[in-house]
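Tertiary structure, described
Listed below, chain by chain, are the residues.
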Amino acid sequence: MAENIRMDSHKLIYHPDVVARWMKGENIYPIELEIGLTNACNHRCIFCAVDYTGYKPDRINSRTLMKNLEELAPKGVKSIIYAGEGEPLLHKEAPEIINRTKSLGIDVAVSTNGVLLTPEVSQDCLKSLTWVRFSVAGITDGTYDKVQQGKPGDLSKVMCHMEEAVKVKRRQNLHTTLGVQLLLLPDNKDEIVQMGRELRKIGVDYFTIKPFSQHPQSGHILQVDYKEMLELEKEVKELQTEDYKVYFRAHAMQKLECKRCYEHCWALPFMVYMDAKGNLWPCIVFMGKDELKYGNINESSFVEIWEGSHRKEIVDYFMHMDLEKNCRELCRLDEMNRYLNELKYPGEHVNFI
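Notes on the structure in this doc start here. (Residues numbered from 1 in each chain as written. Predicted model: local features only at pLDDT ≥ 70, side-chain atom pairs only at ≥ 80, totals over all residues. Heavy atoms only, no water.)

For the rest of this paragraph, the subject is unusual backbone geometry. Note: most peptide bonds trans; most residues except glycine with negative phi. Phi at Gln149 takes a positive value of approximately 50°, unusual for a residue other than glycine. Along the polypeptide, Gln149 turns up in the loop between helix 5 (141–148) and helix 6 (154–171). (Helix = DSSP H or I, 4+ residues; strand = E, 2+ residues; numbered from the N terminus.)

The subject of this paragraph is the packing of aromatic side chains. This model, assessed by the stated rule, comprises nine aromatic pairs. Ring centres of Tyr206 and Tyr247 lie 5.7 Å apart, and the angle between their planes is 75°; on these two criteria the pair is classed as edge-to-face. Residue Tyr206 is located in strand 6 (residues 206–210), and its partner Tyr247 is located in strand 7 (residues 245–248); the two are separated by 41 residues in the primary sequence. As far as burial versus exposure is concerned, Tyr206 and Tyr247 are alike and both buried. Ring-pair connections join several aromatic residues into one group, and the members of that group are Trp22, Trp266, Phe270 and Tyr345. Over the ring of Trp131 we find Arg133, and its NZ or CZ is 4.3 Å from the ring centre. Against the face of Tyr294 rests Arg311, its NZ or CZ located 5.8 Å from the ring centre. (Phe/Tyr/Trp six-rings, centres within 6.5 Å; stacked < 30°, edge-to-face > 60°. Buried < 20%, exposed > 50% of the residue type's maximum accessible area, 1.4 Å probe, protein only. Lys NZ or Arg CZ within 6 Å of the ring centre and 35° of its normal.)

Simply put, disulfide is the name for a covalent bond between the sulfur atoms of two cysteines. With the rule as written, the count across this model stands at zero disulfides. In this model Cys48 remains outside any disulfide bridge; the closest cysteine sulfur is found in Cys45, 6.5 Å from its own. According to the relative accessible area criterion, Cys48 is buried, its value standing at 13%. This cysteine, Cys327, is not joined by any disulfide, and Cys265 carries the nearest cysteine sulfur, 6.2 Å off. (Disulfide = S-S within 2.5 Å.)

A separate point is the pattern of salt bridges. Pairing between side chains of opposite charge can happen when their charged atoms approach one another. Overall, the coordinates contain 13 salt bridges when judged by the stated rule. Of the charged contacts, one joins Glu34 and Arg332 as a salt bridge, the two residues approaching to 2.6 Å between their closest N and O atoms. Taken together, the residues span a long stretch of sequence, with Glu34 in strand 1 (residues 32–35) and Arg332 in the loop between helix 12 (323–326) and helix 13 (334–344) at a distance of 298 residues. For Glu34, a relative accessible area of 13% corresponds to the buried category. In this structure Arg332 comes out as partly exposed when scored by relative accessible area, which is 49%. (Salt bridge = Lys/Arg side-chain N within 4 Å of Asp/Glu carboxyl O.)

What follows is about the pairing of strand 8 (residues 271–274). Remark: a regular strand shows side chains that alternate across the two faces of the sheet. On strand 8, burial covers both faces: Met271 and Tyr273 on one face and Val272 and Met274 on the other are all buried. With two bridges connecting them, strand 8 and strand 9 (residues 279–281) associate as antiparallel partners. Across the sheet, residue Met274 finds its bridge partner in strand 9, namely Leu280. Joining the antiparallel neighbours strand 8 and strand 9 is a turn of four residues, in which Gly278 adopts a positive phi near 90°. (Pairing = 2+ DSSP bridges.)

Following this line, the structure appears as structure tokens:
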């Protein structure tokens, strides 16, 4: 089982050198990139945040991508998550891209609905992945099909593919963390304990239950009251063992009721999002708003974009943006922003350690 993965927190504490350079005002490169290999998806989840993009069959140019990653590896980029606005494994070169990325010394992860993570794919590239996260909305066909809206029988495929991934991991003696994520909704709340039991039997490393967060541009509007669901935490966490962890993200659910304690998005330089067309965005929330795009790797290299004046203008724009009006609830950068804001504005007694 992996070490504490700080599911409901942040990991900047493990990168003090980069944070120190940022505090000095240096132009740091992102520690993590999230990359959408394709805009296409084989599901139409009722909670999908990027439904507004239209699920078009765009896919990233692998040659251009790898050329840029070769330049980024020595710049300080530590990890890449292949996830994004579609199902990454719909990109036919996904396994090769994963393996080549790892060969550059960059840690790689993938978030997938699991339908296409066949035993052959696991056999090919699981060795290159730090973690795989299956997105699964329920443990019965009725609930799963209602929420994820794929093809009949997809749930059975996914469960089978999880079992095979566990076998490949054990057979190849890998350290790859295999996790399952469920977005908690009224539709599936009565199934999470049953699902937790089934996942433990399969042998995955963890099961995480997270809240829905409204994307400002999404057409999917869901009203969920998590105060009524917090009591589920105790029962589902009783399923934990030394080798199987349950992360019930109660902290994130409770934060939905709170305002941000910071006024600026300090964390922008530490992460960046690249879509399937090669566009670079400050974060996925603003994908599609061309006036907020850093640039496109098919037109300029990542390094040229990152060092250029246009990106600096975009970052300055964000530093003056009203986050409460424009940003997403439970933004991925939230915990980092809380931490960085405290570094920027420490209390008066910080020298009394």
